[in-house]
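# Geometric and topological summary
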Amino acid sequence: MAARAAEELEDGWYVNLGIGIPTLVANYVGDKDITLQSENGMLGMGPFPFEGDEDPDLINAGKQTITEMDRTAYFDSATSFGMIRGGKIAAAILGAMEVDEKGDLANWMIPGKLVKGMGGAMDLVAGVGRVIVVMDHTNKHGDSKLLKKCTLPLTGKGVVDRIITNLGVLDVVEGGLKIVECADGVTEDELRAATEATIV
Amino acid sequence: MQKIYPTAAAALDGFLHDGMFIAAGGFGLCGIPELLLSAIKDAGTKDLTFASNNAGVDDFGIGILLQTRQVKKMISSYVGENAEFMRQYLSGELELEFNPQGTLAERMRSGGCGIPGFYTKTGVGTVIADGKEHKDFPTGPNGAPETYIMEEGIFADLAIVKAWKADETGNLMFRKTARNFNPPAAMCGKVCVVEVEEIVPVGSLDPDAIHLPGIYVHRIIQGDHEKRIEQRTTRTRGAS
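Now for a look at the structure at hand. (Residues numbered from 1 in each chain as written. Chains lettered and ligands numbered in written order. Predicted model: local features only at pLDDT ≥ 70, side-chain atom pairs only at ≥ 80, totals over all residues. Heavy atoms only, no water.)

## What about the overall build of chain B?
The condition is simple: Segments assigned H or I by DSSP are reported as helices when at least four residues long, segments assigned E as strands when at least two residues long, and all are numbered from the N terminus. The quantity called the radius of gyration is restricted to C-alpha atoms. Its globule counterpart is 2.2 Å times the number of residues to the power 0.38. Type-normalised accessible area, obtained with a 1.4 Å probe on protein chains alone, sets the label of each residue: buried when under 20%, exposed when over 50%, and partly exposed for intermediate values. Pairs of residues are marked as contacts when any of their non-hydrogen atoms sit within 4.5 Å. Residue exposure ignores everything except the shown protein chains as possible cover, and the areas themselves are Shrake-Rupley values with a 1.4 Å probe.
Regarding its fold elements, chain B presents six helices and eleven strands. Relative to the globule expectation of 18 Å for 240 residues, the C-alpha radius of gyration of chain B, 19 Å, shows essentially globular dimensions. Based on the C-alpha atoms only, the size of chain B along its principal axes is roughly 55 × 55 × 45 Å. For chain B, the residues scored as buried account for 56% of the 240 residues in total. Considering only residue pairs separated by 6 or more positions, chain B has 72% of its internal contacts joining residues 24 or more positions apart. Counting every atom, chain B has about 9,900 Å² of accessible surface; 49% of that belongs to carbon and sulfur.

## Observations concerning the overall build of chain A
Note the threshold: All tallies of charge rest on Lys and Arg as positive and Asp and Glu as negative; His and the ends of each chain are not included. Taken as the charge location is NZ of Lys, CZ of Arg, CG of Asp or CD of Glu.
A count of helices and strands for chain A gives five helices and twelve strands. Taken over the C-alpha trace, chain A has a radius of gyration of 17 Å; the compact-globule value for 200 residues is 16 Å, and the two agree within 12%. Counting only C-alpha atoms, chain A reaches 50 × 40 × 30 Å along its principal axes. Considering chain A as a whole, with its 200 residues, one finds that 58% of them fall into the buried category. Summed over all atoms, the accessible surface of chain A reaches about 8,500 Å², with 49% contributed by carbon and sulfur. Taking the average place of the 18 positive charges on the side chains of chain A and the average place of its 31 negative ones, the gap between the two points comes to 8 Å.

## A few points about the interface of chain B and chain A
Which entries qualify depends on this criterion: Buried area counts how much accessible surface, traced with a 1.4 Å probe, disappears from two parts once they are put together, with both parts' losses summed. We count a salt bridge whenever a side-chain nitrogen from Lys or Arg sits within 4 Å of a carboxyl oxygen from Asp or Glu. Pairing of N or O atoms within 3.5 Å defines a polar contact, subject to two protein rules: one partner must be a possible hydrogen donor and the other a possible acceptor, and residues neighboring in sequence count only if both atoms are side-chain atoms.
Listed by partner, the interface residues are 50 residues for chain B and 45 residues for chain A. Sorting the residues of chain B by area buried against chain A places B:Lys176, B:Thr177 and B:Arg235 first, and these three jointly supply 17% of that buried surface. For the pair chain B and chain A, the interface holds six salt bridges. Taken together, the connections running from chain B to chain A amount to 26 residue pairs in polar contact (both at pLDDT 80 or more). Those elements that place two or more of their residues in the side of chain B that touches chain A are α4 (83-90), α5 (101-112) and α6 (182-187) of chain B. At six residues, α5(B) tops the list of elements feeding residues into the side of chain B that touches chain A.

## Describing unusual backbone geometry
Residues and elements named next belong to chain B. Here the phi dihedral of Arg-69 falls at roughly 60°; this positive angle occurs in a residue that is not glycine. Locating Arg-69 in the fold gives a position in the loop between α3 (63-67) and β3 (71-76). A relative accessible area of 48% places Arg-69 in the partly exposed class. In the Ramachandran plot, Lys-227 falls in the positive-phi region, its phi being about 50° despite a non-glycine side chain. Topologically, Lys-227 is positioned in the segment after β11 (219-222).

## With respect to the pattern of salt bridges
Counted according to the given criterion, the structure contains 28 salt bridges over all chains. Residue B:Arg232 pairs with A:Glu54 through a salt bridge whose shortest N-O separation is 3.4 Å. Residue B:Arg232 is found in the segment after β11, and its partner A:Glu54 is found in the loop between β3 (42-45) and β4 (68-74); the two belong to separate chains. One salt bridge in this structure joins B:Arg228 and B:Asp59, with 2.9 Å as the shortest N-O distance.

## As for the sheet that holds strand β7 (residues 105-106) of chain A
For sheets, the rule is that strands pair by backbone hydrogen bonds, running either parallel or antiparallel. All names here are of chain A. Threshold: A pair of strands is treated as paired once DSSP finds two or more bridges between them.
Pairing is mixed in the open sheet, where three strands are placed in the order β7-β6-β9. The open sheet has two edge strands, β7 and β9 (146-147), and neither has a second partner. As judged from the two bridges shared by strand β6 (residues 98-100) and β7, these two strands associate in the antiparallel manner. The residue of β7 that forms the bridge with Glu-98 is Ala-106.

## Re a nonpolar patch on the surface
Quick reminder of the rule: The residues that make up patches have over 30% relative accessible area and no salt bridge, and they are joined within 9 Å when like-charged or within 5 Å when they are Val, Leu, Ile, Met, Phe, Trp or Tyr.
On the surface, A:Met1, A:Ile21, A:Leu24 and A:Tyr28 cluster together into a nonpolar patch covering about 350 Å² of accessible area. Here A:Tyr28 lies in the loop between α2 (21-24) and β2 (35-38).

## Things to note about the nonpolar core
Soluble globular proteins: nonpolar side chains tend toward being buried together. Where we set the bar: Take the buried Ala, Val, Leu, Ile, Met, Phe, Trp, Tyr and Cys residues and link them wherever side-chain atoms come within 4.5 Å; each set so joined is a nonpolar core.
Counting residues in hydrophobic clusters, the biggest one holds 40 residues, and the most contacted among them are B:Phe50, B:Leu158 and B:Ile160. A:Ala78, B:Ala105, B:Ile154 and B:Ala166 belong to the second-largest nonpolar core, a separate cluster that totals 33 residues.

Purely geometric stuff here, so don't read any function into it on its own.
Here it is as structure tokens:
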């Protein structure tokens, strides 16, 4: 999924990657010139440091130690979210608990369970140029996570552009979701059968 | 104009009172005003409201003030790393107001700029928008209306901030991602106390390289910082 998501990125883009599988997308960008934003105040995020080179003043939004690059620029949190809210970041790739056919996204809280907070997710999905969700198509019971309507509290309403799952790639369009492609070894019938959302 | 104080306790003297509203810089445990938080713990000031992106961990950062029950309310975007926080929150001892991270940063920045409210798309259609003013602006394609919500600027009684270097007039430089919420937090305080790793003579910082001008800074202390790392991630030497 991470490799497939990396194909979405275009040369020259400034991109924000969420925590989890989206972070792995950085390993698959190949020769494309992609600048990664870390919303705690950095453009040009480099890889993890070598052991012994960790700097407590240099972390990413997941609070992991990282490194800087030749192109790196630092700024404060208000400026960081100014560029997010202002539409300067071309794309965000992030995970989800649920997505629905209107592009609503839920990925920050499950009522009755421990709530940790939305962090920067609401700002990102409301502000960046393109929101790409990377997620498992179904939950552990085999139920679709691509729904007619999200049941969990939303992170953003009508914000998702494209969904990449283990079964395929779908776009949010007028009237529902449109199949872009099926994953290797998955038929369109199987993809439809695993999807609760309307497919147009 | 003497801004340099010998200790964190001296720098906070006269600025603390029960029930006050404090804006604190830092992201996770990076760039947090650890010396000033420790001095507030020692001062025993109670019923505090904190605007701070995170709540520290159990034994570091704002977490140390949770242990002593000095915090009444947190305004934060993410509080996941703190067991004592969760215990107090779930038992109703602690109030919590979640703000999206960028909304929190902008609330601080705008409060400091004398802007009591602003409109943002962040959170429209979510629980964050409940009870807030909605307004359409023609910002969509071809002037199509888009819906925004109003968020209020933060005006804190006190800002506590960590910087890398200060000159004697309070001009500040931060280091790498430890800048984070520190400048907007500094701006939104009626008064601002800063802790730094090094105080340098006036004239030794390049005026073009100052991240936050001293007009925002009322008192400064210099001290040793633990600078704890929350998630130590590395790669092996020789690997790409």
